Amino acid sequence: MLIRCCAQIALCFAVVLVAILLAGAAAVRLQAHALQEEDPAVERRISALLKEMTLEEKLGQLNQFSAGRPTGPGTGRADYRQMVAAGQVGSLLNLTGARETNELQRIAMTQSRLKIPLLFGLDVIHGYRTVFPVPLGLAATWNTDLVERTARAAAREASAEGVRWTFSPMVDIARDARWGRIVEGAGEDPFLGAAMARAFVHGYQGGRLDDPSSMAACAKHYVGYGAAESGRDYNTTEIPERLLREVYLPPFKASVEAGVATIMSAFNSLNQIPASANAFTLDQILRREWGFRGFVVSDWTSIRELIAHGIANDGATAARKALLAGVDMDMEGGLYLNELAEQVKNGRAVMQKVDEAVRRILRVKLALGLFDRPFVEDPGEREGLDPAHVELARTAAEESFVLLKNEAPAGRSAPLPLGRSIRTIALIGPLADSAGDMLGAWAGKGDAKDAVTLRDALADYAAKHQIRLLYQRGTEIIGGSDTGIAPAAAAARSADVVLLALGENAGEMTGEAASRASLSLPGLQEKLLEAVAAAGRPVVLIVFARPLALASVEDKVAAVVQAWHPGVQAGPALVRVLTGDTNFSGRLPVTLPRSVGQQPLYYNHLNTGRPAGSNDRPPRTGEEKFVSGYIDERNAPLFPFGFGLSYTQFEYSPIALSVHSLSARLLNSGSKDVRVTLEVGNTGLREGVEVAQMYIRQQGTSVARPVRELKGFHRLILRPGESKRLEFVLAKKELAFWNLDGKEVVEPAEVTVWVGRDSQSGNCAKFTIGD
Ligand code: NOJ
């Protein structure tokens, strides 16, 4: 009897447990549902709210104002408290701190008539308090799982202070390093860019958006912003539809597929229609083709800027055009607030569009659970950083570093890893001990005092290993005098090895409005490098910067490390890779040019009718002259996309293909694919990470295809002597392109496949796609 009773109780528990689990799963589905597919319950709730709202209250939801340090040319509004009480604000940006966000939220929840919660947004781009490497550095890890974890950590920290919306990820493809914002994105490649976009969105938004530790992500800047002519920020872009769809749109599409809650419309003019009034991209592609159900926020005053672009002569027209094209929220412009009521009354703006915009904004607020939990607990200012996040920051930094060169001078070993016999290290350069610059552009709520510089970390290491550390700043990052150069050269002469930390400052030289016409080391740094190199000791150049053009200095040093701006754990992470405690594993997410005149330079270019091929080195004479090249520079980059060295070596087996010919029809129907298999082995003496990259080229197609396109990568950890079998798949998704008829299909073609270490090497195999 007792046994039967127990069994019944156990059964009951099991039933309840299953019911709870199912309800949980349903909630998760519901959650995904509300933003990705129509959820009738959510839509009914919004409809009921819309019925209660006056036109002014509706327009109020469509406005966002900065309530903190402005991140653009200010509109000078200071009365946002009264505006919140009057229901004239849907969102505030640039506000941090639980006390601060709660205070404003309290006004919305107690003083505004409908008590619709505010949504607080901020540029949490690569960390909040704990700052990780800049996004280009994160992309250099090629480790999507790690990137997702950094975004999750950032979401946890920001959401604890009431910031539930981040203006990240920036998924703009950038092929020109003169554009300072190249550091904010994942680089030049749409495949890697899409992978990183998904990782960021998943990290910020988590399994559930209504989890209080999740943030709504915002894929920006829609679209084409990274193609700014001459790399000059905010400049015009001209992008034919095929290029748009194949190169610039895929990371946005990946973000939408990953469930991104919001999109930011860009500043640039795209094919003569400003992106913030572009119905083709905002309405046709984003909403109709991709089914995006979140909302679109303009970039900072980009609606007002329609006047400067020349497609509106007054604020009212600008507001109407942006709204009709599909921009739901006006960031900092105030035009939706001040101009749309009149437009609606005059019948010029469509009331239905206002309702749709409000609906989308409320949908995101509901999905975030803001109506149920508008406030956050205020634990007071936290002392120091979360140790688990610091550890993650160190790992992310370690994996972001790219070893570009490590050459042994005749009769000696390579300078890295730093040998045990080293007794004196000279640490030189203006970036060696510059904590603020380690944080990079858009450092969230990061604080320079949390950043550990290379000098700090190396001093610890040197003390532990009885090494003498000589430090010289040498010169400033920009400007400055050359009086420090001679002492720096003297320090170099007294050392066994020189670590030379050069580059750009984070605040003025990278990020927004930081385009450069030169890609050289700024100020007197090149002069410093020459003086230090002349000392005759092995020099390890560590570059804290965007991708620079370093051909003129690279041959003067024995080793080069691209370190980007690595975040709060810059120093400890660098010490670990430089000393060989851990191996280098980063790979370039961008092509590094030889000189600025090569820009834009990217690996997935078309072949032209007169490719220079092996005839890449000028001067060319006679018949040889007539190729696509320069008379004073090579076409080749200094370091190609995908490149990065390791302290161990890897070997690739030949590639095996599952088929050597198949039909386009079967590929298009999804019933057939090509499997690409091979083995990668570690032939060196220590553990290492290899990023095996698969590229393809298609020939004989209706439109010309790039000389190579990345279509897959695997990141493998291999012990010495270990090898692993890899499989890549080439199916419709990888092989289809926008053809002559404007259709995304697989066409008959000769296909070359490479799998290798970077975009210029690899073993190859070929197959044929027939009709
Ligand atoms: C302008 C920048 O272009 C954008 O990326 C940023 O999110 C907003 N300002 C808000 O700070």
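As shown above, the structure is provided for reference.
Predicted model, so just to flag it, every value in this text is computed and none were measured.

A. Structural view of empty space enclosed by the protein. On inspection of all chains with the given rule, the structure shows five cavities of 30 Å³ or more. The wall of the largest cavity is formed by 16 residues, among which Q61, G87, V89, S112 and I116 lie closest to the centre. Considered class by class, the residues forming the lining of the largest cavity number eight nonpolar, four polar and four charged.

B. Here's a closer look at the site of the ligand. In the vicinity of the ligand there are 14 residues, among which T71, D123, R181, H221 and D299 approach most closely. One nitrogen or oxygen atom from the side chain of H221 is found 2.6 Å from an oxygen atom belonging to the ligand. Compared with its free state, where it exposes 300 Å², the ligand has 100% of that area covered by protein. Across the shell around the ligand, the residue classes break down as seven nonpolar, two polar and five charged.

C. Representation of the environment of T608. Summarising the element assignment, T608 is placed in the loop between α23 (570-578) and β17 (650-652). Judged by relative accessible area, which is 47%, T608 ranks as partly exposed. Separated by 236 residues in sequence, T608 and D372 have C-alpha atoms that sit 59 Å apart. Of the polar contacts made by the side chain of T608, one reaches the backbone nitrogen of R610; its length is 3.1 Å.

D. Here's a closer look at the sheet that holds strand β9 (residues 295-298). Reading across the sheet, the three strands line up as β5-β6-β9 and stay open at both edges, with parallel pairing between neighbours. Edge strands, defined here as strands with exactly one partner in the open sheet, are β5 (218-222) and β9. If you compare each strand with its neighbour and ignore which way they point, the axes differ by 25° on average. Strand contacts of helix α10 (residues 250-257): β5 and β6 (262-265), with the helix running at about 155° to β5, the strand carrying the most contacts.

E. Here's a closer look at the layout of surface pockets. Quantified by volume, the largest pocket comes out at close to 1,100 Å³. In terms of lining, the largest pocket is formed by 37 residues, of which the most central are R245, E246, P250, K711 and E744. If you list the elements that add at least two residues to the lining of the largest pocket, you get α8 (190-205), α9 (241-248), α10, β22 (709-718), α25 (732-735) and β24 (737-738). If you tally residues by element for the lining of the largest pocket, the top one is α9, at five residues. Around the second largest pocket, the lining is made up of 28 residues, and of these Y602, H605, L606, N635 and V707 lie nearest the centre. Of the residues that constitute the lining of the second largest pocket, the class distribution is 14 nonpolar, 11 polar and three charged.

F. Inspection of helix α5 (residues 98-110) at higher detail. Between its first and last C-alpha atoms α5 spans 17 Å; for 13 residues at 1.5 Å apiece the expected length is 18 Å, and the two agree. Among all positions of α5, only A98, T101, N102, L104, Q105, I107, A108 and M109 are buried. Residues of α5 that are buried sit in contact with α4 (80-85), β2 (91-93) and β3 (119-122).

G. Representation of the nonpolar core. Counting residues in hydrophobic clusters, the biggest one holds 203 residues, and the most contacted among them are L62, Y222, I263, L416, I542 and L578. With residues near it in sequence (within four places) discarded, I542 still touches L454, L499, L500, A501, L502, V561, A563, L574 and L578. Core analysis: the second largest hydrophobic core is formed by 30 residues, V674, V746, V755 and A765 among them.

H. Expanded view of the pairing of strand β11 (residues 402-406). Counting buried residues in β11 gives four out of five residues, a clear majority hidden from the surface. For β11 and strand β16 (residues 559-562), the ladder comprises four bridges, and the chain directions are antiparallel. Its bridge partner being in β16, L403 is matched across the sheet by V561.

I. Unusual backbone geometry, seen in detail. With an omega dihedral of -5°, the bond running from K220 to H221 counts as a cis peptide bond. That bond from Y222 to V223 is cis: its omega, -5°, falls within 30 degrees of zero. Residue placement: V223 occurs in the loop between β5 and α9. Although it is not a glycine, S230 sits at a positive phi angle of roughly 60°. Position of S230 relative to the elements: it lies in the loop between β5 and α9. The exposure class of S230 is partly exposed, given its relative accessible area of 45%. The backbone of Q272 sits at a positive phi, close to 70°, despite the residue not being glycine.

J. Representation of the packing of aromatic side chains in the model. Counted by the stated rule, this structure contains 15 aromatic pairs. Pairing Y222 with F252 gives two aromatic rings, centres 5.0 Å apart and planes at 75°, and the pair type is edge-to-face. You can see Y222 sitting in strand β5 and its partner F252 sitting in helix α10, a full 30 residues away along the chain. Here the aromatic rings of Y234 and F267 are separated by 5.2 Å at their centres, their planes lie at 85°, and the arrangement is edge-to-face. With Y234 in the loop between β5 and α9 and F267 in the loop between β6 and β7 (269-270), this residue pair connects regions lying 33 residues apart in the sequence. The class of Y234 is partly exposed, set by a relative accessible area of 35%. Within the aromatic cluster, the residues linked to one another by ring pairs are W142, F191, Y603, F641, Y695 and F713. The ring of F375 is capped by R106, whose NZ or CZ atom sits 4.6 Å from the centre of that ring.

K. Quick look at the sheet that holds strand β27 (residues 763-770). Here five strands make up an open sheet; going across it, the order is β19-β27-β26-β21-β22 and the pairing mixed. Taken across any chain shown, the strands that pair with only one partner, and hence form the sheet edges, are β19 (661-663) and β22. Adjacent strand axes in the sheet meet at a mean angle of 25°, parallel and antiparallel pairs treated alike. Here nine bridges tie strand β21 (residues 688-699) to β22, and the two strands are oriented antiparallel to one another. Each residue of the ladder has a partner; that of E690, found in β22, is L716.

L. Spatial organisation of the packing of α9 against α10. At their nearest, the axes of α9 and α10 sit 5 Å apart, and the two run at 55° to each other. Put simply, α9 runs oblique to α10. Here L244, R245, E246, V247 and Y248 of α9 lie close against α10, whose contacting residues are P250, P251 and F252. Across the contact of α9 with α10, the residue classes break down as six nonpolar, no polar and two charged.

M. Representation of the pattern of salt bridges in the model. Applying the stated criterion across every chain yields a total of 46 salt bridges. For R363, the salt bridge identified is with E43, shortest N-O distance 2.9 Å. With a gap of 320 residues between them, R363 in helix α15 (residues 351-367) and E43 in helix α2 (residues 40-52) connect regions that are remote in the sequence. Each member of the pair, R363 as well as E43, carries the same accessibility label: buried. A salt bridge links K445 to E161; its shortest N-O distance comes to 3.0 Å. On the criterion of sequence distance, the pair formed by K445 in the loop between α17 (435-438) and α18 (454-464) and E161 in the loop between α7 (144-159) and β4 (165-166) is long-range, its members being 284 residues apart. Of the residues examined, E161 reaches a relative accessible area of 14% and is grouped as buried. By sharing partners, the salt bridges in this structure join R287, D328, K353, E356 and R360 into a single network.

Conventions adopted
- Residues numbered from 1 in each chain as written.
- Predicted model: local features only at pLDDT ≥ 70, side-chain atom pairs only at ≥ 80, totals over all residues.
- Heavy atoms only, no water.
- 1 Å grid on protein atoms, 1.4 Å probe; cavity = no way out; pocket = protein on both sides within 12 Å on 5 of 7 lines; lining within 4 Å.
- Points joined across faces, edges and corners; volume = space filled by probe spheres on them.
- Nonpolar A, V, L, I, M, F, W, Y, C, P; charged D, E, K, R; others polar.
- Near = heavy atom within 4 Å.
- Polar contact = N/O pair within 3.5 Å; in protein donor to acceptor, adjacent residues only side chain to side chain.
- Areas by Shrake-Rupley, 256 points an atom, 1.4 Å probe, with all protein chains shown as cover.
- Helix = DSSP H or I, 4+ residues; strand = E, 2+ residues; numbered from the N terminus.
- Buried < 20%, exposed > 50% of the residue type's maximum accessible area, 1.4 Å probe, protein only.
- Pairing = 2+ DSSP bridges.
- Axes fitted to C-alpha atoms, helices over the stretch in contact; angles between N-to-C directions.
- Contact = heavy atoms within 4.5 Å.
- Expected span 1.5 Å × (residues − 1).
- Core = buried A, V, L, I, M, F, W, Y, C linked by side-chain atoms within 4.5 Å.
- Phe/Tyr/Trp six-rings, centres within 6.5 Å; stacked < 30°, edge-to-face > 60°.
- Lys NZ or Arg CZ within 6 Å of the ring centre and 35° of its normal.
- Parallel < 35°, antiparallel > 145°, perpendicular 65-115°, else oblique.
- Salt bridge = Lys/Arg side-chain N within 4 Å of Asp/Glu carboxyl O.

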